[in-house]
Structures are given as C-alpha cells and as structure tokens.
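# Chain and residue survey
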Amino acid sequence: MPRPAAAVWTVQGTLLLVAASGIVGATSLGWGSGDAPGPGMFPGIASVLLLVFTLGGLVRQLRSTSRTPAPAAGDEAGEAGEGANPARLLAYAAALLLAAFTFESLGYPLAIALALMVMLVAGERVRLAKALVITLLAVVATWGLFAGLLDVPLPMVPPPLRGFF
Amino acid sequence: MLRHTALLLLATLAAAAPSAQAADAPYPTKPIRIISPFDPGGTSDLSTRVIADIAKDILKVPVIVENRPGAGGTVGIGQVAKLPPDGYTLVQFSSSPIVIRPLVANVPYDPTKDLTYVGRYLVSHSPLMVRADSPWKTLAELVKYAEANPGKVRWAAGAPQGAAHLSTEALFRSANVKTTFVPTGGGAEAMLQLGGGQIEAASATDFAGPMAEGKVRLLAESGPVRIATAPNVQTYKELGYPLSLAVYLGLAGPAGLPPNVVKTWDDTLKQVMEHPRFKEFLKAQNASPYYANSADLTRDVKAEVGSLKDTLQQMGMAKK
Amino acid sequence: MGVIDALTLGFSVSLSWQNLYFCFIGVTLGTAVGVLPGLGPTATISLLLPLTFKMEPVSALIMLAGIFYGAMYGGSITSILMRVPGEAASVITCLDGHAMARKGRAGVALGMSAFASFAAGILSTIAIAVVGPLAAQLAFAFGPVERAALVLLGLVMVTMISTGSRANALAMVGLGLLLATIGADFVTGMDRFTFGRAELSDGINIALLAMGMFGLSEVLAMADKAGGAVRLLPQPKRLVEMLPNREDWRRSALPIGRGSAIGFFLGILPGGGALIASFASYIAEKKLSRRPQEFGHGAIEGLAGPEAANNAAAQGAFIPLLSLGIPANAITALMLGALMIQGVTPGPKLALDNPTLYWGTITSLFTGNLMLLVLNLPLLWLFVMLLRIPQYVLSPLIALFCLIGAFSLANSPLDVVLVVLLGLAGYALRKADYDPAPLVIAFVLGPIFEKAFRQSLLLGYGSPRIFLERPISATLLACCLLMLSWPLLRRALAAWRARRS
C-alpha cells in the first residue's frame, strides 16, 4: 500500500512529535507530586498516553506490513473511493485556509467569496458564471441570516475602513 | 435586530471619512456598540444589557451589546483599547481585569494609559460566610480556629485570583495563619461546596438565597462597601485587615475619547442610576450603586493599581 | 401539595394561550438556531434576554427553556444529515445518526431522534414532578470527590465508543486530554500551551473541536472521493421509507427508557451535563446490545438512547436551577440571570413560594416537547429534501457555515483559523485510521476530571485517601477497577468454566 501508508506514517510521526513536545512543555510547567499535582501533571500524563499508544499502533503496523505487504487500502464500509481525488481535496483545503487567514484582514464577505470560488471553480469544475451566481447568493444569504437577523458582528470590511463601524 | 443592523449600515454609508468626526460634532448620530468582555448571563453582562436598554431611550439611538469573552475580560478590553476613540464602541468592564489581572498575568493593554474611563455604576458584595450550624460566630473566632489548626480551614472564593480571593488570602496571611484555598469555577460552585459541608468557609456573591433561608452566617464583607441587606456585617478593612478589594463595574472607551462623548455618557449614566429598572436590577443581584464620574473613576483606578501592587508585594502575593 | 394538584396548577399556567405562544416561539427559534452550527442556544438566549425584561417571569422562562431543548433537537438534524454537530452534545448523534443517513435512512433517523427526545421529555417531566426538590439534595452530596470518580469511570469507558483499534482510540484519548489542557491552569492561573495568545487562555471551545473534527473533516473526505457530481447521500423515495418501521420501534424502546434515566440522573448533577449523558447512554447500549458490531455503522439503538439521554439531561438541569439556584451550564446560567432580573430568586422555597412559576415551567417542558414533535414530523420531508442539493453546492455551503459558526462562538477571528486547522488535522487523523470521537469525548471529560481531582486533593488535605473514604466515590472507583480488569476476569472465568465441564 504505497500512498495511504505514507499518509499514515506522516500522521503518526506528527503525533509522536506533538507528544514529545507535550512532555517537554509539561516538564517546564512542573509536574508536581501525587499529593499536589502541578500545572504540568495532566498535560504530561496526556502526552505520555499519546506517545505510548501511537508507538503501539506504529509497532503493530510495522509487523502487519512486513507480514502482508499490500492490504487493500480503504476497504472499510462507507469509506470506499476515498483518496481518489487529490486535486479536489487540495482545492478545498486551500480554500479553507485562505478563508481562515483572510477572514479578518479582507472582511468576511470577500474572504468567503474567494474561498467559495476556489472550491467551486478549482475543486468542483463548475463553470465560472454559475460559480459566481452561487457565491453571490451564498454570501448575501449568510449575511442576511447571521449579520442581519442574528446580529453576529462579522467583520465586513478590511480594518483600515473599519473606523466607520 | 434586523432594524439595528440596517440602521448601522445606513449610518455607515452616510458617514464621511473618520477624520470628519471633530471633537464638537454632535453625538450620538448612529448606533453605539458596548462590548461586554464576559460570558453572557453573569452580573456584568446582564448589567450591560439593562444599561443599554435604558440608554437607547435616553440617547435616541440603538445601543447594541456584543459579547467578546475571554481571559477574564482582558480579551474584549484589549480589543476595544485598540479601536479609534469615536465614542461608538465602548467597553463594559469589571475591576478585576483593570486593577487585579495586570498584576498577576500578562494583559494586552495598560489600564492606566490605554483607556478612557467613562463612569462606574455598581459594586457587588462577596461576604465571607460559614455554615449557620458551624461553631464560628465571628471572623476572629474563625481566625483563632485556623491558628490552632493549621491548614484545616478550607475555603473557596468566587473566582481564583479574583478580588474576594486576594482580599481573603491577605486577611489570613496578615493574621499569620495557614489555610487551604480550594479553587472553584464560580460563586455557585463555592456555595454548593459550603452547603455540602466540603469546605468551612466561602466568599461569594451568591449569598442572598442561603442568607434568607438562614443556612449561612456572614462573618465579614470582603469588599469596601457594607451590604444593604446585612448592615451589621463589617468589611475586612473595618476589622483591621489589609485588603478590601471591590468588585465594581463601569464603562470605558479607547484612550482619547472626546470630552463631549464622556459628558453625554456621564449624563446618561446618572439617569440610569435613578431609573427604577436599574434599581430593581441592583436589588436582584444583591449589589449596591457605586457611581463615580469619569474624573473620579480615573483617579481611583490609578490609586488602586498603585496601592494594590504595594500590598501584594508586602504580602508576598505578587507575580514573580 | 400533591403531585396531581401541582401538575394541574402547572398545566393551567403552561396551557394558557399566552404561554403556549411563547413556548412555540422558543422551540421554533431553538430548532432554527440549533441547525446553524456554532451559533447555538447560548447566543440566541442572550440576544433575546432584553425582551424578557418586560415579560412575566414564567413566560420568560418557558420561552428560554423552549430555545434550550429546541436547539438540542436542531443540533441533531445537522448531525444526522451532514455530520456537523453544532454543539458538543450532538457529537454522539453523528456516530450512528449519520451512518444511518448514509444508508438512505436519514428520515428514519430524524424521526426516531424527534420521538426519542419527546419520550425522554415526557419521562423526565414526570420524574421532576415526583422527585424534583428531593433530587436537588443529590447535588450537595455529589462533591468534587464523587465527580472525579464518576468522570474517571467515563474516561475508562471512552475507548468503547470507537470503531477502530483500541491502541488508536487510546492515543486519541491522550491527544484529546492534551488539547484540553490548553489555556490557563485553573489552580495556579499559569498559561499552558497558549503560545502567548490571550484568546487561548480560556482553552479551545468544544464546539470548534466538534465542528472541525466532524463537520470540516467530512467536507474534506467528500472532496477526496471520486466522481464529479455525485450525490452526498442516497435519499428515500417514498414517505414510508422515511418513518421508523416496527423493527426500529422494537429496537429503540428500551434504549429510550434507559437513556432517559441515565440522562435525568446526570442532568441533576452539577458539572455533569448532556454530553456525558449521551455518551454514557451510548456505551450502555453498545454493552447491552447483542449486535455491538453494528454500532458506528447505523445502529438505531446508538441513536435513540443518546438522543433520549441528552434531552432528559437538559430537563434534569432544571432541578438544580430552580431548586438550588445553581446553573448546570451556560444556558441555564442565562436563565438564572433572566429570573434574577425579574426579582425571582430560585431556591428550595421556590416551589412553595411561587408554585405557578415552578410548576408552570416544569409542565411547559411537556407541552414544548409535544410541540417539537408535531412541528418536526411534517418537516422531515423538507429536511430530507436538503439532500437533493447537489454535492458540489452542499459541500462548500457546509464549509461556509462551519466558518461563520466558528466565528460566532466568541466573535473571534482566531476561532475561524482554529476550526480550519482542526478540520485539516481531523481529516489527516481519519486518513490514518484514528477515530475523532474518543478525542472529542476525552477533551470534554479531561478538564472536569483534572479540576475535580485537584479540588479533591485539597479537600482531603493533600491525601488521596479521601477517594476511598467517601462511599459513592469508593463504589465508582471499584467499578473502574472492574472495567479495567474485565478482559482478564472474563478469561479467568472462561477457563474456570472449561475446567468444570
């Protein structure tokens, strides 16, 4: 299993990294003692738990990989076909990140519109005109619902213009 | 709600560049926003909503309350401190993120420089209580017991590192007795533990119900103002202990708020103080009126920040 | 006053036209905002609070209560249809509810969810009427020591909800516990893993985690599937396919009863709450079921039980609120505030001093739940129609709602960034066969346990003996031990039987 395995290794590696830095952080916070736990005791225990069982999973996987070299990937019920569309996945992930990091600096309508266009045009291959219509409708509708009806103070415009509000 | 936002939008479109707002421009001409830096539902948040509701009739513009909770109020206050001082965004505050938190944690503003204090309106009470069936009739008796039994008096306060916690901790430290402080998530939880007999004493604002039922005995008030419904209970300060920190509420804006804005809100706050609904609110929350205008409040805050720092250092309670 | 007199008085209040009207507004609004991720009942109630200043206290409470349990149901709708839990209590609903929807049984899931909530509402209303003020005393007996032991039991059971491997589930428990420690340590006030951001000192909002790990990661999983304009889910064609059949009813009846009992009991305890209730019910059903392997793949028991439990818990929370003046969560805290503004101080005497308010509110829970059921059954059709929206439009819309929902939690732009990062992380974990459900549950239970545990040690003057000295906690700890050693015990038992025969 060439591709899914790589993804699994990356995730497990990241988890181990998180656990290790959790233990380092917990130590600098101070573990305290059993009678008087310090602020680092619980983060420490959690990190150790994460470390031990990620390693456990890793070992089990190493064994199964050496024994059965190529198990069918993603054959679980309902998960069939996942991993078949990396281009679309990438478009969605990029769109989400774009929206998140421009939500405040561009204001919500612009950030959301950009993200929707990326998802629709790059991800779903929707025609440009159709994508524009969907985006416009979605922005207007969510604005009316959240900002209008429910008074959520969404950032509307970039900060330099925000003196008006 | 829709109407407010529509007004807000119209007003924004109609407004000229920000610089056009000269100091003597008429105020207010568009909706005003008050940021409540706490979770919805507490005394702080509710008081803001009551004031906004009364103020909108006095000022003749919508007054909208928005919650920006986080880090004991410091997130919301920090955000408002960075906004242009046009008087259209104010922040409601409690004394804790202004006077206390800067001394024990990092906050994103300087309370003596980054804010214009508009006015103060309420002080809440947080008396030190024991169970009515406990042997301690006075604060002195409790302190004496704690002296004879080091660490045996377990007590809780509304919020860790809050005014009641610091005042009571200072009390025990100045009396040179060792006690056990049990941190809780809030006054309700502290009262629950007192009621369940898990702790010996509690200092919390949720005293009215249990007091009325005769379940608790009030030994002393941790704040500087005596309680209207229990006028015989003395404050820590009156009893000769070093700290009686107040939990009070007020309004502020970014530094450099125009004088006419401050004046308008000062007049509004005065009217709010006399409004029957506000008086009812104070009664329901077991709080007392605690009015101060902009100048007095600014002076008080400066003095409190300075003196508290000294006291905490003397008591060995300041942040290292 | 007898139970019958009390209920008669209560219904005379809650069935007045005026109060029926406010109840209707409450449940309708509640359902509507429950459907929107993030926004949730807390924000709605705080928006409507000034409106209640001028209302009768009982009408105000009836409306706010309607929003509360209406939102609980609304949250189930998005969880089932789109796997987007608007709030923590719906996480469990996602597991089997959405799995049912994937099999084309979305209508059945929605219908059973509505009915389970309704039945739990009725059962807990009766329970409140019968044991109400007495049950409040339980809150006093249940201190930090007992809470620590109870939550530990919960943590021991967390891995059982996972469909994947045990080791992976335990790793996710660790990650959940670790994420939960982000924020100021509540004993010392020290910041833990906040990277200098003041916004993080209150920790990550559970709704962010739920929306990221479930909602956004589901959107990403959809995007990664083959095909252009595939439909999200199969849809039922005829009305009959949208209603639970006899087999569904038979399988759900007992779980609903048990879920109601579990939920009601946990709802009374301060710091318990709807999520723990729905989670406990899920575990109980999986353990009791003869088909545990179906759980996570659309077992209706795994939907009906927890749905009943979280609604019963929502109603159980009214007991400490009205009888002790102690709010169990942010929503009941707001209701307490609304009552206080009106000059009503909840406490043990409320039922005697102000019976119209007390019993009027309790009976309104009954009428409100009936209203929800009547309202929602005809709407099933409409909700299932949502699935006809082509996936290339629906997926971006779900993503959009998650982003705005994240912002509206605390009006903070940082939360939008966080929900996206959590979504990407959630998808990566799924890819590597790590189940996000134990992570989310551990995230909720962790801080409760840490707080109660450290409080208990202080209460016990630094000695952990206090856990064994108090009978309730000692019993719960014995249960933990039994749970942990169960696999060994079972093997020993089997060996002993084999030798005998």
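The structure this text deals with has already been given above.
An account of the accompanying structure is given in this report. (Residues numbered from 1 in each chain as written. Chains lettered and ligands numbered in written order. Predicted model: local features only at pLDDT ≥ 70, side-chain atom pairs only at ≥ 80, totals over all residues. Heavy atoms only, no water.)

The next thing to look at is the side chain of C:D185. Locating C:D185 in the fold gives a position in the loop between β1 (183-184) and β2 (191-192). The class for C:D185 is buried, based on a relative accessible area of 2%. At 2.9 Å, the side chain of C:D185 and the side chain of C:R454 are in polar contact. In this structure, C:D185 is in contact with A:P39, C:M190, C:R192, C:E450 and C:R454, ignoring residues within four places of it in sequence. (Helix = DSSP H or I, 4+ residues; strand = E, 2+ residues; numbered from the N terminus. Buried < 20%, exposed > 50% of the residue type's maximum accessible area, 1.4 Å probe, protein only. Polar contact = N/O pair within 3.5 Å; in protein donor to acceptor, adjacent residues only side chain to side chain. Contact = heavy atoms within 4.5 Å.)

Turning our eyes to something else, we now look at the interface of chain A and chain C. Opposite the 64 residues of chain A that make contact, chain C presents 69 residues. For the pair chain A and chain C, the number of links is 0 salt bridges. In this structure, the connection of chain A to chain C is made through 8 residue pairs in polar contact (both at pLDDT 80 or more). Among the secondary structure elements, those contributing two or more residues to the side of chain A that touches chain C are α1 (2-29), α2 (41-67), α3 (86-102), α4 (108-123) and α5 (128-149) of chain A. The residue makeup of the side of chain A that touches chain C, split by class, is 41 nonpolar, 13 polar and 10 charged. (Salt bridge = Lys/Arg side-chain N within 4 Å of Asp/Glu carboxyl O. Nonpolar A, V, L, I, M, F, W, Y, C, P; charged D, E, K, R; others polar.)

A separate point is the sheet that holds strand β7 (residues 180-181) of chain B. Residue and element names in this part refer to chain B. Here we have 5 strands laid out as an open sheet, ordered β7-β6-β8-β5-β9, and mixed in their pairing. Since the sheet does not close on itself, it has two edges, and those belong to β7 and β9 (216-221), each with one partner. Taken together, the 5 bridges between strand β5 (residues 127-131) and β9 define a ladder with antiparallel strand orientation. Counted as the bridge partner of P127 is E221 from β9. (Pairing = 2+ DSSP bridges.)

Taken as a whole and judged by the stated rule, the model has 22 aromatic pairs over all chains. When the centroid spacing of 5.8 Å and the interplanar angle of 70° are considered together, the rings of A:F146 and C:F401 count as edge-to-face. Taken as a pair, A:F146 in helix α5 and C:F401 in helix α17 (residues 391-410) lie in two separate chains rather than in one. The class of A:F146 is buried, set by a relative accessible area of 0%. Overall, C:F401 belongs to the partly exposed group, its relative accessible area being 23%. Members of the aromatic cluster, each reached through a chain of ring pairs, are A:F42, C:F449, C:F453 and C:F467. Taking the ring centre of B:Y290 as reference, the NZ or CZ of B:R120 above it sits at 3.9 Å. Sitting over the face of the ring of C:Y461, B:K152 holds its NZ or CZ atom 3.9 Å from the ring centroid. (Phe/Tyr/Trp six-rings, centres within 6.5 Å; stacked < 30°, edge-to-face > 60°. Lys NZ or Arg CZ within 6 Å of the ring centre and 35° of its normal.)

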